[in-house]
Amino acid sequence: MSDQTYQPTLSQLRAFVAVAEYRHFGTAAARLTVSQPTLSQALASLENGLGLQLIERSTRRVLVTAAGMRLLPQAMATLEAADRFVASATGDTLGGTLRVGIIPTVAPYVLPELLPELRRKLPGVLPQVIEDQTARLLDGLRTGVLDVAVLALPSEANGLIEIPLYSEEFVLVTPRGHELAGRTDLAAPALADLPLLLLDEGHCLRDQTLDLCRSADVQPGTVGDTRAASLTTVVQCVAGGLGVTLIPEMAVAAETARANLDIARFAAPAPGRTIGLAYRGSSARAADYEYLAAIIRSKRPF
């Protein structure tokens, strides 16, 4: 039974949130720059004070209990309010830790320019970048593990506010000398029977590519035979002659800056995607996130 006079400390809440986020005591301790015994003691004190088990521990895994999942969003909201309090005191619009989720088909192309810009314009912010697939990022937003996420819109998730950042076209990448190389007038039916290489299950770009094929009532040649976890791997497979692939405009310069590759573009209106910034509708930091979105938009890589 909990002590009704008990008041958790911010350090205890941070320990709980970090363990719930990383599901690993060593990683959570490193993120908070404390020792693992200090982290474990803070979490144990929180659980004892509340009279609840928040985290299940074993030698092989760390799980968040039902009570932990119920209280996690409130713990995150408390920490967010504390960060806002400090930011207000120092005059910063955003301050403290900012947990940013970002999908893998955006992260490598945006972060090199974005992170220095954040340090320049928001020196009081400590970004924590979590690269993951869309479904897990949305789950992180819902549970309060993430503050914001950069992903493809619309997410079709309830309770989120979405700020469009930019739209970009898809570009077909082919081996050097391919019959479609250099074209600027492609239509979706041109994908019929091509050996189309895709990212693995769970990546939104994979789903968007297949949706494009379905919308044009075409069947690519060998969908599913080769799949990869990154655009770099997919493009390397194209360079090796295994097929063709679609990549977003932002990735073209970085991923085709090697030999044995050509590109082809679609005629207008070209297929593409919209990238946006999502955050919980219950957050009180809407103005701050609008400012963050403007910074991200200003550093788009194309």
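Counting of residues starts from 1 at the beginning of each chain's written sequence and follows it residue by residue. Given that this is a predicted model, residues contribute local features only at a pLDDT of at least 70 and side-chain atom pairs are listed and counted only at 80 or more, while totals for whole chains, interfaces and linings are drawn from all residues. Excluded from the side-chain calculations are hydrogens and water; all other atoms, namely the structure's heavy atoms, are used.

Explain the overall build of the protein to me, please; I cannot follow it from the model alone.
By definition, any uninterrupted DSSP run of H or I lasting at least four residues is a helix, any uninterrupted run of E lasting at least two residues is a strand, and each is numbered from the N terminus. A tally of helices and strands in the protein yields 10 helices and 11 strands. By its C-alpha atoms, the protein is 75 × 45 × 35 Å across when sized along the principal axes. Here's how the labels work: a residue is buried when its accessible area is under 20% of the maximum for its type, exposed when over 50%, partly exposed in between, all with a 1.4 Å probe on protein chains only. For the protein, the residues scored as buried account for 48% of the 302 residues in total. Contacts are residue-level and defined by heavy atoms, with any inter-residue pair within 4.5 Å sufficient. Within the protein, counting contacts between residues at least 6 apart in sequence, those at least 24 apart form 74% of the total.

I keep staring at helix 1 (residues 10–22) and nothing clicks. Help me out?
Helical geometry note: an α-helix holds 3.6 residues per turn, so side chains three or four residues apart project in the same direction. Residue count minus one, scaled by 1.5 Å, sets the expected span of a helix. Over its 13 residues, helix 1 runs 18 Å from end to end, which matches the ideal 18 Å to within 8%, given 1.5 Å per residue. Every buried residue of helix 1 is accounted for by Q12, L13, A15, F16, V17, A18, V19, A20, E21 and Y22. At the C-terminal side of helix 1, R23 shows a positive phi close to 55°.

I tried to follow the packing of aromatic side chains on my own but got confused; where do I start?
Each aromatic ring pair is specified by the distance between its two centres and by the angle formed by the two planes. Side-chain rings of Phe, Tyr and Trp (the six-membered ring for Trp) are treated as a pair once their centres are within 6.5 Å; stacked means planes under 30 degrees apart, edge-to-face means over 60, and tilted covers the remaining angles. Counted according to the given criterion, the structure contains one aromatic pair. Relative to Y289, the ring of Y279 lies with its centre 5.0 Å away and its plane at 55°, an arrangement referred to as tilted. Linking Y279 in strand 11 (residues 272–280) with Y289 in helix 10 (residues 286–298), this pair joins segments that are 10 residues apart in sequence. Take Y289: its relative accessible area is 1%, and that puts it in the buried class.

I would appreciate a short explanation of the confidence of the model for the protein in the present structure.
Detail in the predicted coordinates should be disregarded across regions flagged by low pLDDT. Looking at the protein, pLDDT values average 88 and 94% of them are 70 or higher. In predicted models, pLDDT denotes the confidence assigned by the predictor to each residue on a 0 to 100 scale. When mean pLDDT is compared element by element in the protein, strand 5 (residues 148–153) scores highest at 96, while strand 8 (residues 227–228) scores lowest at 76.

Quick question: what am I supposed to make of helix 7 (residues 204–215) here?
Between the first and last C-alpha of helix 7 there are 16 Å, a value that for 12 residues agrees with the 16 Å anticipated at 1.5 Å per step. Taken residue by residue, helix 7 has C204, L205, R206, Q208, T209, L210, L212 and C213 as its buried positions. D217 occupies a position one or two residues after helix 7 and carries a positive phi of about 55°.

Please explain the pattern of salt bridges as it appears in this structure.
Note that side chains of opposite charge can pair when their charged atoms are close. Salt bridge criterion: a side-chain nitrogen from Lys or Arg within 4 Å of a carboxyl oxygen from Asp or Glu. Summed over all chains, the structure comprises 12 salt bridges. Salt-bridge contacts for D147 lead to R99; the nearest nitrogen and oxygen are separated by 3.4 Å. With a gap of 48 residues between them, D147 in the loop between helix 6 (134–143) and strand 5 and R99 in strand 3 (residues 96–102) connect regions that are remote in the sequence. Just as D147 is buried, R99 falls in that class too. The salt bridge partner of R120 is E117, with a shortest N-O separation of 3.0 Å. Here the residue R120 and the residue E117 both occupy positions in helix 5 (residues 107–121), the gap between them amounting to three residues, near one helical turn. Relative accessible area serves as the criterion here: at 58%, R120 is assigned to the exposed category. Where salt bridges share partners, they join E117, R120 and K121 into one cluster.

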